Amino acid sequence: MDLFATALPALADAWALILQPLVLGYLVLGVVMGLAVGVFPGLGGIAGLSLLLPFMFGMEPVLGLALMIGMVAVVPTSDTFASVLMGIPGSSASQATVLDGFPLAKKGQAARALSAAFTSSLFGGLVGAVFLTLFIVVARPLVLAFGLPEMLMISILGLSMVAILAGRIALKGLAAAGLGMLIGTIGEADAGGSLRMATYDIPYLTDGLKLVIVGLGIFAVPEIVSLLRQDSSIAKDARLGAGWGAGVRDWAANKWLSIRCSLIGVVVGVIPGLGGSVVDWIAYGHSVQTTKDKSNFGKGEIRGVIGPESSNNAKEGGGLVPTLLFGIPGSGSMAIFIGAIALLGSGDIEVGPTMLRDNLDITYSIVWLLALANVVGTLLCIAASGGIARLTTIRFTYLAPFLFMLISFAAFQSGQNFEDILALFVIGLIGIFLRRFDWSRPAFLIGFVLSNPVEKFSNQAFQIASFRFRSSVEEGLNYIFSPIVIVLLIITLVSIVLGIRQSKKIMAEGDVASGSKRAPMVFLLAITAYVTAALINASMIPDYNMTDKIVPLVIGGITLAACLILLAQMILRPETDPIFADKEIAGEEAEAPFGLWGTLAWFAGLIAATYVVGFILALLGFLIAFFRFRAGAGWGKTLILTAAGIALMCVMAGALGRDFPPGLLQGMVDLPWPLG
């Protein structure tokens, strides 16, 4: 009762703070800014909050919080535009939405997909806010109960979703996930600092690859190249579809799925460090597992949109639990959020237990600002959808150069290195071939995302468990097999068993024809060669750094075994077997008027020119050449579109305070911004 006696007055005070015209105005301003940031692929909440940081110094706390919460809340909603309309993950939290949202847009059902997504996002955001309201005081024991073994089991639960997302050939999914995990281990190991598949002669590789680069490379580049080769609009019949009401009805028909996925989002969001990168995949896997007819997933199943979108907004509410209760950032954007709160007012607001004790009204203000921002953001997204969705009816040749431009800029912002763009191209090639040969790209990405948590939590848990076992076997077993671990282990095993049984009905990349043995076998041999090299590299790490080598060795061994079994199957089976799936045999890819390598050459040309003359000058030449010769536009349209692209880049970079990739020219000549 004491909790209610404290919480209810604080909740009333919070509403008194929120329901001021100025506060609501700042909230709407934050939502509009978040909408603008979220529409651009790869930027996300971290870039948006970074933009706001300089304005937080000394700002009235409630006004500053309204501005930040408005931006944070709407990004998981607005990033749906890029995922559904262009097949590009708007952020790491919207990667699963691409799988079914984009096929719906290509069928001319963009409005239906967006409507279902926005309704799900709104519902998930409100579930997250209600959860925070109820548990903001009593959630402390729950969060404290999650130690390293529990964190490791949550990571393994995420990996278990590979079973359901593997597609017709389960071994391909396993190998793709293993490849993703091995690529995720590139660079300096966290524990002992050993280098894996990297050298200090190439400093870029020592830091490993960034998630934004891998996400854009695996999903964005293959889809852009595929659509560009076909030289048509995204929606083949150039119709938006009349699906706004249908999308809401779809959500209503699947409301229990939305509720379950919202709760998944909240629970995963509570656990620091996992949140946005994992939750949509877990929700997508759950959506597949609980659907009777699984044949439509990956080809335009509305449940594949509703599940992830419900979870990724709900996880914002869950992510605020460790942030507000303990000052532990649940994600990258929450880390910036914590830093920004310290700048507000006179600097006396501090997240953590003291905030709950001394500023409970401010705490509840954050919670319900989040709920209001979800409502305002959803309404604004629906209002803007008509204009933005019409992008699907534009000939894609006019959109592709802008998308290449945006994803290159987004990739560069992840580390401010030219090598970021080069890595985007290389990962994009991997994504193209995974897509072509019917290997599960979601499995690859899940492996990459979870490689670091799995390694970190397993190493730390092993060290603590070893110490406990020295005391007694019982103490060690109690540490490893806590009640939470046992529950998560059971859920994981059930997920794997159900996934393996049901995955044969799932087509990882749609209905792909089979035909020739040569190309699929060459790709498999290339993957096998890399896995073998990674295994040899890991085995050369000295034994005193065993924690740095054990995970790559185990993952590499399992992946190599899967590759060798696949190779044996390929040798023994006829070339009409599904294992030889190849998009170049039949369908859109085979009938495309433009070839793969010629199309990729445009992107490669932009990267090569950037290395020589810097990004803006390279972009100027790229846009002129592309619109004039590839799109066949007249000089007037070419110059107008080129000027629009350069202006957009300059405005974005200026607003975010970011530089463009320099080239050799900038090293020799001192040029003014944006050329230098």
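All of these numbers come straight from a predicted model, not from anything done at the bench.

**Student:** What should I look at first to understand the overall build of the protein in this one?
**Tutor:** Along its length, the protein carries 32 helices and 2 strands. Sequence separation of 24 or more characterises 81% of the internal contacts of the protein that already satisfy a separation of 6 or more. Summing over all exposed atoms, the protein offers an accessible surface of approximately 25200 Å²; the carbon and sulfur share of this is 69%.

**Student:** Looking at this model, I keep getting lost on the packing of helix α13 (residues 211–230) against helix α22 (residues 418–436). Mind explaining?
**Tutor:** When two helices pack together, their arrangement is given by the angle between their axes and by how far apart the axes lie. It is the contact of α13 with α22, at a shortest axis distance of 7 Å, that shows an interaxial angle of 60°. In terms of their interaxial angle, α13 and α22 are classed as oblique. Considering only the axes of α13 and α22, their crossing is right-handed. Contacts from Ile213, Val214, Leu216, Gly217, Ile218, Val221, Pro222, Glu223, Val225 and Ser226 in α13 reach Asp420, Ala423, Leu424, Ile427, Gly428, Ile430, Gly431, Ile432, Leu434 and Arg435 in α22.

**Student:** I'm lost on helix α26 (residues 518–539) in this one. Help?
**Tutor:** Turn by turn, an α-helix covers 3.6 residues, leaving residues three or four places apart pointing in a common direction. Given a rise of 1.5 Å per residue, 22 residues ought to cover 32 Å, and the 31 Å separating the end C-alpha atoms of α26 matches this to within 8%. All of the buried residues in α26 are Pro520, Met521, Phe523, Leu524, Ile527, Thr528, Val531, Ala534, Leu535 and Ala538. In an axial view of α26, the angular spread of the buried residues amounts to 160°, which keeps them on one side of the axis. In the core, the buried residues of α26 are packed alongside α11 (170–184), α22 and α27 (546–572).

**Student:** Quick question: what am I supposed to make of the side chain of Thr119 here?
**Tutor:** Here Thr119 shows up in helix α7 (residues 110–135). Taking the relative accessible area as the measure of exposure, Thr119 reaches 18% and is therefore buried. Those residues within four positions of Thr119 in sequence are excluded, and the remaining contacts are Val248 and Trp251.

**Student:** Would you take a moment to explain the environment of Ile427 for this structure?
**Tutor:** In this fold, Ile427 is placed in helix α22. Between the C-alpha atom of Ile427 and that of Leu209, which follows or precedes it by 218 residues, the distance is 9.8 Å. When neighbours within four sequence positions are excluded, Ile427 is seen to be in contact with Leu209, Ile213, Val214, Gly217 and Ile218.

**Student:** Is there a simple way to explain empty space enclosed by the protein in this structure?
**Tutor:** Regions of empty space are outlined by a rolling probe, equal in size to a water molecule, passed over the atoms. Tallied over the entire structure, the rule returns 4 cavities of 30 Å³ or more. Space inside the largest cavity adds up to approximately 100 Å³. In this structure, the largest cavity is lined by Pro222, Val225, Ser226, Arg229, Ile432, Arg435, Arg436, Lys583, Glu584, Glu589 and Leu596. Those elements that provide at least two residues to the lining of the largest cavity are α13 and α22. Sorting elements by how many residues they give to the lining of the largest cavity places α13 first, with 4 residues.

**Student:** Help me understand the nonpolar core, please; the structure alone is not making it clear to me.
**Tutor:** For soluble globular proteins, nonpolar side chains are generally found buried alongside one another. The biggest cluster of nonpolar side chains holds 172 residues, and the ones touching the most others in it are Leu65, Ile407, Trp439, Leu619 and Met649. Ranked by the residues each element gives to this core, the list is headed by helix α21 (residues 396–415), at 14 residues. Once residues within four sequence positions are removed from consideration, Ile407 is found in contact with Ile88, Leu216, Ala220, Val221, Ile224 and Leu424.

**Student:** What's the story with helix α29 (residues 596–613) in this structure? I'm lost.
**Tutor:** Over its 18 residues, α29 extends 26 Å from the first C-alpha to the last, a length consistent with the 26 Å expected when each residue adds 1.5 Å. Remark: the principal bend of α29, roughly 25°, maps to Trp602. Burial in α29 covers these residues: Leu596, Thr599, Leu600, Phe603, Leu606, Ile607 and Thr610. For α29, the secondary structure elements touched by its buried residues are α13, α21, α22 and α30 (615–630). Note on α29: the residue one or two positions beyond its end, Gly614, has a positive phi of about 90°.

**Student:** Looking at this model, I keep getting lost on unusual backbone geometry. Mind explaining?
**Tutor:** When glycine is set aside, most residues are seen to have a negative phi, and most peptide bonds are trans. Residue Pro674 follows Trp673 across a cis peptide bond; omega there is 10°. Position of Pro674 among the secondary structure elements: in the segment after α32 (664–668). The backbone phi angle of Met197 is positive, close to 50°, even though this residue is not glycine. Phi at Asp438 takes a positive value of approximately 65°, unusual for a residue other than glycine. Secondary-structure assignment places Asp438 in the loop between α22 and α23 (441–471).

**Student:** What is the right way to read the confidence of the model for the protein from this model?
**Tutor:** In regions of low pLDDT, the predicted coordinates are not meant to be interpreted in detail. For the protein, mean pLDDT is 79; residues scoring 70 or higher make up 83% of the total. The weakest mean pLDDT in the protein belongs to helix α8 (residues 140–144) at 57; the strongest belongs to α26 at 94.

**Student:** Looking at this model, I keep getting lost on the pattern of salt bridges. Mind explaining?
**Tutor:** Working definition: two side chains of opposite charge can pair if their charged atoms are close together. For the coordinates displayed, the defined rule picks out 6 salt bridges. Taking the shortest distance from any N to any O, the salt bridge between Glu455 and Arg196 comes out at 2.8 Å. In this pair, Glu455 is assigned in helix α23 and Arg196 in strand β2 (residues 195–196), connecting sequence segments 259 residues apart. Residue classification places Glu455 among the buried residues on the basis of a relative accessible area of 7%. Judged by its relative accessible area of 4%, Arg196 falls in the buried class. A salt bridge links Asp543 to Lys549, with the shortest nitrogen-to-oxygen separation between them at 3.0 Å. Note on Asp543: relative accessible area 56%, which makes it exposed.

**Student:** Teacher, can you tell me more about the packing of aromatic side chains here?
**Tutor:** Working definition: an aromatic ring pair is given by the centre-to-centre distance plus the angle between the planes. All chains considered together, the criterion is met by 19 aromatic pairs. Seen in terms of ring centroids, Tyr284 and Phe297 are 5.9 Å apart; in terms of plane orientation they differ by 85°. Their pairing is edge-to-face. One end of the pair, Tyr284, is in helix α16 (residues 275–289); the other, Phe297, is in the loop between α16 and α17 (303–326), and 13 residues separate them in sequence. Per residue, the accessibility class of Tyr284 equals that of Phe297, and both read buried.

**Student:** Looking at this structure, how should I read the environment of Val214?
**Tutor:** Here Val214 lies in helix α13. In this structure, the C-alpha to C-alpha distance between Val214 and Gly431, residues 217 residues apart in sequence, is 9.1 Å. Once residues lying within four places of it in the same chain are set aside, the contact partners of Val214 are Leu209, Ile427, Phe444, Leu445 and Phe448.

**Student:** I would appreciate a short explanation of the side chain of Ser311 in the present structure.
**Tutor:** Tracing the backbone through its elements, the reader meets Ser311 in helix α17. Under the relative-accessibility criterion, Ser311 is labelled buried at 0%.

**Student:** Help me understand a nonpolar patch on the surface, please; the structure alone is not making it clear to me.
**Tutor:** A cluster of nonpolar residues, Phe469, Val473, Leu477, Phe481, Ile486, Leu489, Ile490, Leu493, Val494 and Ile496, forms a patch on the protein surface that exposes about 830 Å² of accessible area. Going through the elements one at a time, α24 (473–480) and α25 (483–502) are the ones with two or more residues in the nonpolar patch. In terms of residues, the nonpolar patch owes the most to one element, α25, which gives 6 residues. Its place among the elements puts Phe481 in the loop between α24 and α25. On the basis of relative accessibility, which here comes to 43%, the residue Phe481 falls in the partly exposed class.

**Student:** What exactly am I supposed to notice about the environment of Gly147 here?
**Tutor:** For Gly147, the position within the fold is in the loop between α8 and α9 (148–160). Between the alpha carbons of Gly147 and Ile480 there is a distance of 9.8 Å; along the sequence they are 333 residues apart.

**Student:** Please clarify how the packing of helix α6 (residues 97–106) against α13 should be interpreted in this entry.
**Tutor:** Between α6 and α13, the shortest axis-to-axis distance is 13 Å and the interhelical angle comes to 20°. As summarised for this structure, α6 and α13 are arranged roughly parallel, according to the angle between their axes. In the crossing of α6 with α13, the sense of the turn from one axis to the other is right-handed. Touching Val98, Leu99, Phe102 and Lys106 of α6 are Phe219, Glu223 and Leu227, all from α13. Among the residues making up the contact of α6 with α13, the classes are represented as 5 nonpolar, no polar and 2 charged.

Definitions and cut-offs
- Counting of residues starts from 1 at the beginning of each chain's written sequence and follows it residue by residue.
- Local features in a predicted model are, by the rule used here, given only for residues with pLDDT of at least 70; side-chain atom pairs are given and counted only at 80 or more, and totals for whole chains, interfaces and linings are based on all residues.
- The side-chain quantities take in all heavy atoms of the structure and omit both hydrogens and water.
- Labels follow the DSSP assignment, with helices taken as runs of H or I lasting at least four residues and strands as runs of E lasting at least two, numbered in each case from the N terminus.
- Contacts were defined at the residue level, with two residues in contact if any of their heavy atoms lie within 4.5 Å.
- Only the protein chains shown count as cover for residues, with accessible areas throughout obtained via the Shrake-Rupley method and a probe of 1.4 Å.
- Lines are fitted to the C-alpha atoms to define the axes, a helix being fitted only along its stretch in contact, and any angle between axes, read from their N-to-C directions, falls within 0 to 180 degrees.
- Should an angle fall under 35 degrees it is taken as roughly parallel, and over 145 as roughly antiparallel, whereas 65 to 115 is taken as roughly perpendicular and any remaining angle as oblique.
- Helix crossings get a hand from a simple test, with the near helix turned counterclockwise from the far one by less than a right angle marking a left-handed crossing and a clockwise turn marking a right-handed one.
- Here the expected span of a helix is defined as 1.5 Å times the quantity of residues minus one.
- Only protein chains enter the calculation, and the probe is 1.4 Å; a residue is then buried if its accessible area is under 20% of its type maximum, exposed if over 50%, and partly exposed in between.
- The arc under discussion is defined with respect to the helix axis, by the directions toward the C-beta atoms.
- The way it works is a 1 Å grid over only the protein atoms, where trapped points that fit a 1.4 Å probe form a cavity and open points with protein on both sides within 12 Å along at least five of seven lines form a pocket, and then any residue with an atom within 4 Å of a point lines it.
- Grid points are joined across faces, edges and corners, and a volume is the space filled by probe spheres set on the points.
- Note on terminology: a nonpolar core comprises buried Ala, Val, Leu, Ile, Met, Phe, Trp, Tyr and Cys residues joined through side-chain atoms within 4.5 Å.
- For a residue, the bend is simply the angle between two axes, fitted respectively to the seven-residue segment ending there and the seven-residue segment starting there.
- Note on scores: pLDDT gives the predictor's confidence for each residue, bounded by 0 and 100.
- Take a side-chain nitrogen of Lys or Arg and a carboxyl oxygen of Asp or Glu: if they are within 4 Å of each other, that pair is a salt bridge.
- Two rings belonging to Phe, Tyr or Trp (six-membered ring only in the last case) form a pair when the distance between their centres is within 6.5 Å. Interplanar angles under 30 degrees mark stacking, angles over 60 mark edge-to-face geometry, and anything in between is tilted.
- Patches draw on residues past 30% relative accessible area with no salt bridge. Two like charges within 9 Å are joined, as are two nonpolar side chains (Val, Leu, Ile, Met, Phe, Trp, Tyr) within 5 Å.
- Following the grouping adopted for this structure description, the nonpolar residues are Ala, Val, Leu, Ile, Met, Phe, Trp, Tyr, Cys and Pro, the charged ones are Asp, Glu, Lys and Arg, and the polar ones are all others, Gly among them.

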